[in-house]
Structure formats: structure tokens, C-alpha cells
Number of protein chains: 2
Amino acid sequence: MTVTIHDVAKRAGVGSITVSRVINNSGYASEETRQRVLEAVKEMGYVPNRLASSLRSNRTNVLALVMTDITNPFFTVAARGVEDVANKAGYTVIFCNTDEDKEKERKYVEILMQNRVDGIVLVPSSSDSESVETLQQNGKPVVVIDRRITEKQVDQVRCDSVAGAVQLTQLLITLGHRRIALLNGPQNVSTASDRLVGFNRALAAAGIDPSKQVVISGAFTRESGREMTRQVLEMSPRPTALFAANNFIALGALSALESAGVRVPEDLAMVTFDDLPESLVVSPFLTVAAQPVYEMAARAAEMLVNRLAGKGSESFEEIVFPTQLIIRKSSGTSIQS
Amino acid sequence: MTVTIHDVAKRAGVGSITVSRVINNSGYASEETRQRVLEAVKEMGYVPNRLASSLRSNRTNVLALVMTDITNPFFTVAARGVEDVANKAGYTVIFCNTDEDKEKERKYVEILMQNRVDGIVLVPSSSDSESVETLQQNGKPVVVIDRRITEKQVDQVRCDSVAGAVQLTQLLITLGHRRIALLNGPQNVSTASDRLVGFNRALAAAGIDPSKQVVISGAFTRESGREMTRQVLEMSPRPTALFAANNFIALGALSALESAGVRVPEDLAMVTFDDLPESLVVSPFLTVAAQPVYEMAARAAEMLVNRLAGKGSESFEEIVFPTQLIIRKSSGTSIQS
DNA sequence: CTGTTAGCGCTTTCAA
DNA sequence: TTGAAAGCGCTAACAG
């Protein structure tokens, strides 16, 4: 029924291992033999069976990127970063969405291990994710990206969320703001907790009591951003500035503010983490701490590829990229307080 | 080294086939045996090898979505539609980006066949894509989505681009526009050619000579949208309305218009195909012909899953969804011509 | 430069 | 309800 390597071998009048060598460009083969084999392959419409090949060789040449939500432009850019590097190194990439759900993450990791992917780039759904442990126990190289994981020996690539939050907060303070609301992500995600740390640090350094500021913890979603913003708008005195912990929260905030007729930055200043990709924005307006997502993802993929090639460093690497402060209109100008 | 099914079998004191049955919930197994097997599985940290399983059973339980660009929100929504349905049916989904490149598409299809995925949802990079033929020759079920393919017997799911373009064009005509510029995608993609057909049809029906209208063919990208818009702005007499053939072209147009200080809709009216996902838009502004992307993708996945379950219809199905005209501000009000 | 042998880990087939 | 034997298609290891 299906054409196998043996059929091709017979047709070409060679041994099947020779066909294997020609197909995979491994080992020697005389030019003449090579031609005959390739011809037979074409004539018979032979499609190598990677399942068999991988079973035997113990390599699939497949990597996986486990992330929270491909719907977020942040991650779709990350996906391209991983894919580009991986493809160049001869790997195919599989993408998985965990929706910030620990159980979904566990399931995907299980499936990936069953399918014997060679390595994994992981955006852990929460700080106490057990995926790294599971994977390492099974001898699968992992690189954790974007978020920290508690007490784990593992390769990591991420941005300096603390420093980025400090920059954004300092900017607002410099502009005269003394009541700033932080619309944050879930506490159990390191990017959220780190941004809170940076927020507090900048406030304290400026002699402002952090405990008197408004900090709301929600989800990294637009809907949550709207909801948190509504809460802020009902406060009195109302904060004069908003610090959104990621792009989706910022979009939700903008939408809620517009509904309420609150102008940015005239009535309320705003800053946020994560820039939106140029392709999706008509005219950039938000003051942001931008993360070099593509580079981070590409770097993570490189580390993985290197480990698989036996070229990785002995110890685990931890790479922290700086954020870039981009000041635009949403943060406004100095205010009188 | 690795724990195999035999190791588990030995530990549980049963035959390996029994372990297989318990793991896959196939065939009979007494409750006692089942418990002993599951215990052994857990104790030994056994991870079934799907490569071996698939090699033997000739099923991978993996589907693939081959699309042009996951960076486009249109496709990220489509991805979720396929994934949700597929997961529910017990399949994992692999995503591939072709970047509208025929060669890349060919390569991915090749890899997917080598990996013996069970079926494929395909957004063909161009109307003359040969992927369908290749896949069908290898007995792989395919469902073509979003775009038509010339002269092919294959399951298809898409939107009625002609009717959508007619609606958008009619709206502009009704508002008094007589000089409309169509910023289109590449000619060899059916959604582009169909939208041109609808555009012309609506004009002709209104007694306007289509051949006197401005039609530019570019790519479905933001950069191309900018470039085409610049061309339009230099024309004299300048068109009074813009018809963008997809969301990225529209975003590029908006950006170019803003740079040029041209206001929408006051100075120039605008309509476009494809709505942007709610999560990415602060306040919807564009008048669009919206496509039910998620539903289309889900339907395509269903067809595929059904075929694989032997429940598909005898003949090939062709499902065409209607577009939904959503009138917002960008199309403006009636003008005097 | 080429081939033989064996076996990767699982499930199908048949038998009990 | 359970098991033994065979083999899916390929490549590692060795030999020539």
C-alpha cells in the first residue's frame, strides 16, 4: 500500500540504508547512486515516515512553544521569533495555548513528551508551574521565557519587569502624579509581582508611601482591564494616572475610559507595559515599557537549539533583557498636584 | 533507560497488551488489573511513546492548520476555532505559517505528510496551490478554508467575498461616492479577485463605469496598504472613498492618511473587509464587511474530524458563509458630488 | 562507498 | 478478560 524505503531501494537496486543516507544527506553515496535513488523516490512518490525514523533515531526535530495565548500579539510575535530560529536549525515548531490554565499546561506538556518533541520553550502559566520539573525528569531540555519560576534550575530568558516598572512609575512621578493606580495581572505570575515590586520601589524612592496607592490585581485580559478601570473611576479622590501591567489591560482601560468620557491624557494619564506591534496600530499613542519580544523568543530558541546540539553551556543561563521606555502622548505633560 | 510498556507490564504482572488496553481505554480489563497497571504506570513514571503507537496504528491524532500568517488577527482567531473543535475530538493541532509563499507551503505540506498528520485545514497561499492535489494523492483529508482553489474537488469553507464587496461598494455609492479606490490584495488569491468582482458588479449595477475606477493590487499587508494609499493621494481628481480589501491594508491606509493629514471620514470615506477582534480595538471605527472567522474555522475542523471518523458525506462539501455589514463612522455620511 | 542484522516501542491479529 | 507472536518503517551498529 504505502511506499516504503525498501520499495525505493529495490527499484533503485540498492540497499535500503543507502536510500536512507541519500534522503538524509548523511554519510557517503556516489553521485550515480544518489541520482538513481532520487529518481526512484520521485517516480514512486515516496514520502519518508518520520514516525519510524524518529522512533529509531530518538530524535523528532520538533520543538514546542507552550504559551498562554496566541491571541495576544505579544505571543504571536514570540511565536515568530521561535519559529524563525528553529526552522533555520532544521526544526519544526508546535504551538500550544494554555490560557493561563495550569491543568491545560500539564496536559500539553504530557502530550509533547508522549510525542517525544526534542525540546520546549515554555511560558509558565504560573510561578509554581511543575512543568519544568516534569520535563527535566524526562530529560527534555526546556527554556523558560517571559516569566520567572520559583526555585528552579533552568535556562531562562525574560525582561527586567522590575526596572521597567520603575521607569514607568518614575516618569509619572516626575510628571507630578502622586495618586497612581496599578492595574495588575494575577499575583501568581512573576511578571505581575515583579511589576508591583518596581512600582513600589519607585514610589518609595520618591518618598511616596506605596501602601497608600491603589493596586488592583486582575487578569492579563482586556475585560479585566475594563473592570479594574471602572473600579478606579469610582474612587475618590480619583487617581490621576493609570499604570497598566500589560497591553491587554491597557486596551481594556482605554475602552472603559472612553465609555466614561474620560480623556487620556487630559483627564487621566496612562502608561503601560508591552508595546503593540506596529502592524496593528494606526498611530502609536501609549507611553510604554516595550519588551524586545522577538529577540527574547529568538534567543530562547537559540539556547534550546544549542543545548540539543550539545553546544550549550554547562550551567543554566539566565538572560534578562532591558525594557525600552517609549514616551508618547498617553502619559501627558506635567500636572499641578 | 526509557521506561517502556513492557517494563510496566512486568511490574504489574500482566502482558504488555493489557497495559496498552488500560492506557488507551480500549478493550476489556478487570478493575483489579486496571488498578495494578495504573499504579505501575505512576510508580515508574511511564510516558507512552506516541511515535511507536502511531507507527503501528497508522493514526497520529494530530491535525494541522496551514495558514498564511498567524500574526494577522484574522488567522489567530481561525487558529482558535480549529483548535477548540479539534481538541474536543481528541486531536492535537499543529500550526504552520506560509507567509503567502508557495514554496513554504509546499515544504510544510511535505513535512506534515512525513509526520503522518491525520488531516489538514489549508488556507492556500494562492489559487493555483498544488497542496490539495499532493495531499489527496497521499490519502490525506483536506479542508480548504477562506480562499477558493481553481478546479479542485475538495471540501471548502469560506465567506462570500463577492457579496461582501458588493455591500461595501453599494454603501459607498449610496452615500454619493462616484470615485472609489479599491486597495486590493494579490490577483492570484481568490479573496482578492472575488472582491474585485463584487466591486465592479456593484458599480456596474449603479450605472458607474468600473473601468474608470482606481484599482490597485498589492499585498495583504499593512506596508502595502500604506504604499497604495500614498499612490491614491497623489491622484487628481482624488477618489472620495477607499475600499480596503482586508484589515491589514485598512490599517496601513489609516496610517498613511494620518501622516498625510487626511481625515476619515471628513476628507475621505473608508470601508474594509474583515473586522478586528474586539480585544484589540479600543473604539470600533471602521465600517466593515465582517467575516465569521471563528465559525468558519470551527466548521472546517468539524468537517475534517467527521471525515476522519468516516462520518463525512460522500461528495465534497462547499460551505459559503455570508459577511456581515457593520456600518460605523469611517464610511461617513452622504456627500455632494 | 555500500550492505546486513537487529531492534526502536507499540498495537494488530490471532488464540486461549 | 488476557496473552504471544509478528511486524509497522526506519536507522544504529557493525562489517565489508
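Within any chain, residue numbers begin from 1 and follow the written order of that chain's sequence. Lettering for chains starts from A, numbering for ligands starts from 1, and both go in the order in which the items are written. Since the coordinates come from a predicted model, pLDDT governs what is reported: local features require at least 70, and pairs of side-chain atoms require 80 or more to be given and counted, while whole-chain, interface and lining totals use all residues.

K.L.:
I'm lost on the overall build of chain A in this one. Help?
P.N.:
Every helix listed is a DSSP run of H or I at least four residues long, and every strand listed is a run of E at least two residues long, numbered separately from the N terminus. When you go through chain A residue by residue, the secondary structure sums to 12 helices and 12 strands. As a reference, a globule follows 2.2 Å times the number of residues to the power 0.38, and the radius of gyration itself is taken over C-alpha atoms. For 337 residues, the compact-globule formula gives about 20 Å, and the C-alpha radius of gyration of chain A, at 25 Å, lies well above that figure. Here a residue counts as buried when 20 or more other C-beta atoms sit within 10 Å of its C-beta, as exposed when there are 12 or fewer, and as partly exposed otherwise, the C-beta atoms being derived from the backbone. A burial count over chain A gives 51% of its 337 residues as buried. By definition, residue pairs are in contact when their C-beta atoms, positioned from the backbone, come within 7 Å. The contacts in chain A between residues at least 6 apart in sequence include a share of 71% that link residues at least 24 apart.

K.L.:
Whenever I open this one, the protein's contact with DNA strand C confuses me. Can you help?
P.N.:
Nearness rests on one distance test: the residue's C-beta atom, set from the backbone, must lie within 6 Å of the molecule or strand. Around DNA strand C sit 25 residues in total, of which A:G15, B:I5, B:S20, B:A52 and B:S53 are the nearest. Mapped onto the surface near DNA strand C, the elements with two or more residues apiece are α2 (16–24) and α4 (50–57) of chain A together with α2 (16–24) and α4 (50–57) of chain B. The element that contributes the greatest number of residues to the surface near DNA strand C is α4(B), accounting for 5 residues. The nonpolar class holds Ala, Val, Leu, Ile, Met, Phe, Trp, Tyr, Cys and Pro. Asp, Glu, Lys and Arg form the charged class, and all remaining residues, Gly among them, are polar. Looking at the surface near DNA strand C residue by residue, the class counts come to 10 nonpolar, 13 polar and 2 charged.

K.L.:
Can you walk me through the interface of chain B and chain A in this structure?
P.N.:
On the chain A side, the residues contacting the 35 residues of chain B number 35 residues. For the side of chain B that touches chain A, the secondary structure elements donating two or more residues are α4, α5 (73–88), β2 (92–97), α6 (102–114) and α11 (247–259) of chain B. Residues of the side of chain B that touches chain A, tallied by class, amount to 16 nonpolar, 14 polar and 5 charged.

K.L.:
Would you take a moment to explain the protein's contact with DNA strand D for this structure?
P.N.:
Around DNA strand D, 25 residues are found, and the nearest of them are A:I5, A:S20, A:A52, A:S53 and B:G15. Put simply, the parts of the chain that give the surface near DNA strand D at least two residues each are α2 and α4 of chain A together with α2 and α4 of chain B. In terms of residues, the surface near DNA strand D owes the most to one element, α4(A), which gives 5 residues.

K.L.:
Got a minute to help me understand the sheet that holds β2(B) in this structure?
P.N.:
Residue and element names in this part refer to chain B. Strand pairing is defined by DSSP finding a minimum of two bridges between the two strands. Sheet architecture is open: 6 strands sit in the order β2-β1-β3-β4-β5-β11, paired in parallel fashion. Both outer strands of the open sheet, β2 and β11 (318–321), are each paired with one neighbouring strand and no more. Averaged over all pairs of adjacent strands, the angle between their axes in this sheet comes to 15°, without regard to strand direction. Both strand β1 (residues 62–67) and strand β3 (residues 119–122) contribute to a ladder of 4 bridges, which runs parallel. Within β3, the position partnered with V66 by the bridge is L122. Against the sheet, α6 makes contact with β1, β2 and β3, and its axis sits at roughly 180° relative to β1, the strand it touches most. Each axis is a line fitted through C-alpha atoms, taken for helices only over the stretch in contact, and angles between the N-to-C directions span 0 to 180 degrees.

K.L.:
Looking at this structure, how should I read helix α9 (residues 190–205) of chain A?
P.N.:
The periodicity of an α-helix, 3.6 residues per turn, causes residues three or four positions apart to be oriented the same way. All names here are of chain A. Any helix carries an expected span of 1.5 Å times its number of residues minus one. Compared with an ideal rise of 1.5 Å per residue, which puts 16 residues at 22 Å, α9 spans 22 Å between its outermost C-alpha atoms and is within 8% of the ideal. Within α9, burial applies to S190, T191, A192, D194, R195, L196, G198, F199, N200, A202 and L203. If you follow the buried residues of α9, they end up packed against α8 (161–174), β6 (180–184), β7 (214–217), β8 (241–244) and β9 (269–273). Where α9 terminates, the next one or two residues include G207, which has phi positive at roughly 75°.

K.L.:
It is not clear to me how the sheet that holds strand β2 (residues 92–97) of chain A should be interpreted in this structure. Could you clarify?
P.N.:
Within a sheet, adjacent strands bond to each other through the backbone by hydrogen bonds, running parallel or antiparallel. All names here are of chain A. Judged by pairing direction, the sheet is parallel, and its 6 strands sit side by side in the order β2-β1-β3-β4-β5-β11 without closing on themselves. Looking at which strands have only one partner, the edges of the open sheet turn out to be β2 and β11 (318–321). Across the sheet, the axes of successive neighbouring strands diverge by a mean angle of 15°, strand direction being ignored. Pairing of strand β3 (residues 119–122) with strand β4 (residues 142–145) involves 3 bridges; the strand directions are parallel. Looking at the pairing, L122 lines up with V144 of β4. Sitting on the sheet, helix α6 (residues 102–114) touches β1 (62–67), β2 and β3, and the angle it makes with β1 is about 180°.

K.L.:
What exactly am I supposed to notice about the pairing of strand β5 (residues 155–159) of chain A here?
P.N.:
Where a strand is regular, its side chains alternate between the two sheet faces. Residues and elements named next belong to chain A. The element β5 is extensively covered by neighbouring structure, given that 5 of its 5 residues are classed as buried. Here β5 shows no split at all, with D155, V157 and C159 on one side and Q156 and R158 on the other all buried. Sheet topology places β5 next to β11; 4 bridges connect them, and they run parallel. What sits directly across from C159, in β11, is F321.

K.L.:
Help me understand the environment of B:L183 in this model?
P.N.:
All names here are of chain B. Considering the arrangement of structural elements, one finds L183 in strand β6 (residues 180–184). By the C-beta count within 10 Å, which is 28 here, L183 ends up buried. L183 sits 57 residues away from T240 along the chain, and the two C-alpha atoms are 13 Å apart. Residues contacting L183, with those up to four places away along its chain left out, are I216, G218, G225, M228, T229, L242, F243, A244, A245, I249 and A253.

K.L.:
Which parts of the structure should I look at to understand α11(B)?
P.N.:
Residue and element names in this part refer to chain B. The end-to-end C-alpha distance of α11 is 19 Å, a good match for the 18 Å that 13 residues give at a rise of 1.5 Å each. Among the 13 residues in α11, 11 count as buried, and that is most of the element. Among the residues of α11, those classed as buried are N247, F248, I249, A250, L251, G252, A253, L254, S255, A256 and L257. Residues of α11 that are buried sit in contact with α5, β6, α10 (222–233), β8 (241–244) and β9 (269–273).

K.L.:
For this particular structure, what's the right way to read the environment of B:L172?
P.N.:
All names here are of chain B. Mapped onto the elements, L172 comes out in helix α8 (residues 161–174). On the basis of neighbour counts, which here come to 27 C-beta atoms within 10 Å, the residue L172 falls in the buried class. A C-alpha to C-alpha distance of 32 Å links L172 and V144, two positions 28 residues apart in sequence. For L172, the residues in contact, after removing those within four places along its chain, are H177, I180, A241, F243, A269, V271 and S331.

Note that every value here comes from positions in space, so none of it alone points to a role or purpose.
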